[in-house]
Structure formats: structure tokens, C-alpha cells
Amino acid sequence: MRVTSTGVIDTAFKANVSPHLSDLAGAPALTVTSDDHIVIAGRLGFCGYVIRRFASNGTLDTSFGAAGSVPLGDPEACHTAALSVDSTNRIVLLYYADIPSSGTDRCRAVRINVNGTIDSTWSNAATNALINIPYAQSVSAFCRQTVPLADGRTLIVAGVTVARLNVNGTLDATYDSGGAVITSESYGDGIKSAALVFNDALVIGTDRYDGDQGWRYSLSRLTKNGSIDQTFGLGGRSRIGFGDLRPDVTMGAPNYDRISRVLPLPAGRLAAIGYSTDGIGIVLLDANGNLNTGLADAGRLVIKGSELAVPGWSISFNTAAVAPSGDIYAVITRNDNFSPITIVHFRLIAS
């Protein structure tokens, strides 16, 4: 579905795109190219993927692959993770692969050329141009994000690891130690979100648990070469909890704050947004990882679920995006059946 600038559903777009989505199972991944093509990757049945490209009006782009579609051809591809496009509009798909011989999920990635052919130059695997992220870097993998870099290399965010791939898809051994950074700060769900900032540095967001503090957001910045930037926050980390602001949204610990998204903002600032037991929390940081005063209580804001006038119990954060103005829009629901979607608009204060 596409909504016009006046808030009306674009029925022509819906009519064009809908026939080519009905066979896709699960929640497909989506990205948009610099020339306004829409790319969707979805599962066909239980396992196996197809990538489709659409024109901006929703019609299938038949010049891409075989009449608009590219079948992935990997029978172990069972879970969509992330799509991105690089500076030349090549597509990178990151996904979970169920591999019986390994006893666990693994992260794999594939790159697709602009014309819809699998990029056979981007591989360290024997077949089908698949990049099999090594087991040590993707055990219990949450295959989160692909981050294309301007020089043609690609960052892969998976589990507790950030790996960098060369232009040809092999692990870049110059990135930290052997091509990948294993983050000690991560807990439970691994790295939850990452955002590329200046000079190819990457800010990563994880959950941090301490017995005396409970759960807090933890943000770190990796330098261009993969090391922890010690100038960011306090000793390379910025840890934020909200329990002191709104004890009524936290149950059972001083803090119960779980990060969901890291968002780059204009002028080098950063925002991180997530949820607590019964509320959402947003923090604003300056470029050095310190609390910025452009938001509510010295950089932190908590909104209780009941204040959003949404029925149900326990908040569930979905996604967020940044407008060109720097304002933030977040989508949340409640953890109950048939919960409506609520969009929250955060208008930041210039500082």
C-alpha cells in the first residue's frame, strides 16, 4: 500500500503491486533504490526466496531478472532478515539459513546486480554466490542489517558481531581482528540496531544488564577500522536507563529499558528509541555519545502506554524513522490481540 502526500491510499499503486505479492509468505523485506525502484524479498512457502523489483508506480519491472523476479535458489533460506542497496543500486540480501549440519541458524548474504543476475564475483562459497558468514561470527544469529559503504565494501550486523566484507565478498581481514568485531556489551538478542555515521563509523545499539541497574540501552561506536571508539560516551560506551524518570513504567528492577532502533540525526546527533515494561523511551545524544539537551529531561523522554490512549497491556515497539527536519516518527502497538497502531511524533528542540 502507498499513501499519497494528502493521506489518501494510492489505489492505482495498490492495483499494480498486489498481484505480485500474494504468493509471498511471512513478512517480506523492502528497500528503495536511488532511482526510485522498490525492491521486495519474500519467502515462497516455508523456505526459498524470491526478490522482485517494482517501478515507482507499483508495476513489476520486467527488465529485472526473469520478468521482474530473481529466485534465490537456496533451499536453506527460511527467514528474511534485511535488504539494502549500494551506491550503484546493487541489492544485498541478508537472511537466516537453517543448516541441519551446523545445528543452528547461520547468516548468509547474496548480492544481486542491477539487471537481476546473481553477482558471481561476490563470493567465498562454492555455489550460487552465497556469502556464508563464518560460524564463530553468527552463532545463534540474529541477522539484523547490511550496511553498504561508499567504497563498495559491506558491513554485516549479525548476532553479537559486525563483519566487513570486501568488494568481492570475502571477509576483510583489516577490520578489527580477522574481519569481524565480536561485541562484549551485547546481551540476549545481540546487536539490535546499527547506524552508519561520519567517516564510515558505525554506532551499534544493544541491551545491557547489570544486577544493580537492571536493563539499559547501551550504545557504542566502531571506528572505520572496527575498533571501539574510546572517545564515545564514557570509555567507549553510553548506557542509558529511564527508571529514575518514570518508575511507574518499570517493574521489578531499577530499569527495564530495551533498545530497538538507533537513528542518525542532522548535525551529527543520534537518537535511540525502545520500550520499557509499559512505555517507550527515547534518548538524544550528541556526536560524542553524551546526553543532548534537545529533548525533554536533558536528553531523555518516557511516555507511558496509557498516555497514548491505546487499550491493552504492555507496550510493543515496531519501528521508527527520521524526517528531513530531524523529527522522529515511531510506530508502536500494545501486546494484545487486534491492537491498533499508534504513531508518535517527536519534535526535537534545536541545540
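Residues numbered from 1 in each chain as written. Predicted model: local features only at pLDDT ≥ 70, side-chain atom pairs only at ≥ 80, totals over all residues. Heavy atoms only, no water.

Chemist: Before we go on, may I ask you to explain empty space enclosed by the protein in this structure?
Modeler: Gaps between atoms show up when a probe of the same size as a water molecule is rolled over them. Within this structure, the stated rule accounts for one cavity of 30 Å³ or more. Counted by class, the lining of the largest cavity contains five nonpolar, one polar and one charged residues. (1 Å grid on protein atoms, 1.4 Å probe; cavity = no way out; pocket = protein on both sides within 12 Å on 5 of 7 lines; lining within 4 Å. Points joined across faces, edges and corners; volume = space filled by probe spheres on them. Nonpolar A, V, L, I, M, F, W, Y, C, P; charged D, E, K, R; others polar.)

Chemist: Would you take a moment to explain the pattern of salt bridges for this structure?
Modeler: Here the structure, examined in full by the defined rule, presents 12 salt bridges. D172 is the partner of R153 in a salt bridge, and the nearest nitrogen-oxygen pair spans 2.7 Å. Residue R153 is located in the loop between β9 (143-148) and β10 (154-158), and its partner D172 is located in the loop between β11 (161-165) and β12 (180-182); the two are separated by 19 residues in the primary sequence. A single burial state applies to R153 and to D172, both of which are buried. Between D210 and R208 there is a salt bridge, with the nearest N and O atoms lying 2.9 Å from each other. (Salt bridge = Lys/Arg side-chain N within 4 Å of Asp/Glu carboxyl O. Helix = DSSP H or I, 4+ residues; strand = E, 2+ residues; numbered from the N terminus. Buried < 20%, exposed > 50% of the residue type's maximum accessible area, 1.4 Å probe, protein only.)

Chemist: Honestly, the sheet that holds strand β14 (residues 202-210) in this entry has me stumped. Any pointers?
Modeler: Hydrogen bonds between backbone groups are what pair the strands of a sheet, and the pairing can be parallel or antiparallel. Taken in spatial order, the four strands line up as β13-β14-β15-β16 in an open sheet, and their pairing is antiparallel. The open sheet has two edge strands with one neighbour each: β13 (193-196) and β16 (237-240). Each adjacent strand pair in this sheet contributes to an overall mean axis angle of 25°, direction not counted. Examined bridge by bridge, β13 and β14 share four bridges and lie antiparallel to one another. Opposite L196, over in β14, you have L202 as the bridge partner. (Pairing = 2+ DSSP bridges. Axes fitted to C-alpha atoms, helices over the stretch in contact; angles between N-to-C directions.)

Chemist: Would you mind showing me how to read the sheet that holds β9 here?
Modeler: An order of β9-β10-β11-β12 is seen for the four strands of this open sheet, with the pairing classed as antiparallel. Because the sheet does not close on itself, it has two edges, and the strands there are β9 and β12. Along the sheet, successive strands turn relative to each other by an average axial angle of 15°, direction set aside. As judged from the five bridges shared by β10 and β11, these two strands associate in the antiparallel manner. Bridging from a neighbouring strand, I156 pairs with A163 of β11.

Chemist: I'm lost on the packing of aromatic side chains in this one. Help?
Modeler: Throughout the structure, instances matching the rule amount to four aromatic pairs. Here the aromatic rings of Y49 and Y95 are separated by 5.9 Å at their centres, their planes lie at 45°, and the arrangement is tilted. One end of the pair, Y49, is in strand β3 (residues 49-54); the other, Y95, is in strand β6 (residues 91-99), and 46 residues separate them in sequence. Each member of the pair, Y49 as well as Y95, is classed as buried. Both rings, one in Y217 and one in F242, keep their centres 5.1 Å apart while their planes meet at 65°; by these two values the pair is edge-to-face. Linking Y217 in strand β15 (residues 214-222) with F242 in the loop between β16 and β17 (258-264), this pair joins segments that are 25 residues apart in sequence. The burial state of Y217 is the same as that of F242; both residues are buried. Of note, R258 hangs over the ring of W215, and the distance from its end group to the ring centre comes to 3.7 Å. (Phe/Tyr/Trp six-rings, centres within 6.5 Å; stacked < 30°, edge-to-face > 60°. Lys NZ or Arg CZ within 6 Å of the ring centre and 35° of its normal.)

Chemist: For this particular structure, what's the right way to read the pairing of strand β2 (residues 38-43)?
Modeler: Remark: a regular strand shows side chains that alternate across the two faces of the sheet. Within β2, six of the six residues are buried, which leaves the element mostly enclosed by the surrounding structure. Side chains I38, I40 and G42 project from β2 onto one buried face, and the interleaved V39, A41 and R43 project onto a second face that is buried too. Inspection of the sheet shows β2 paired to β3 by six bridges, in the antiparallel sense. By the bridge assignment for β3, V39 is matched with R53. Between β2 and β3, which follow one another and run antiparallel, lie five residues, and G45 among them has a positive phi close to 75°.

Chemist: Could you clarify how one ought to interpret unusual backbone geometry in this entry?
Modeler: Note: most residues except glycine have negative phi, and most peptide bonds are trans. With a phi close to 70°, N89 is a non-glycine residue in the positive phi region. Inspection of the secondary structure puts N89 in the loop between β5 (77-85) and β6. The backbone of A267 shows a phi angle near 65°, a positive value even though the residue is not glycine. Among the secondary structure elements, A267 is positioned in the loop between β17 and β18 (270-276). With relative accessibility at 77%, the residue A267 sits in the exposed group.

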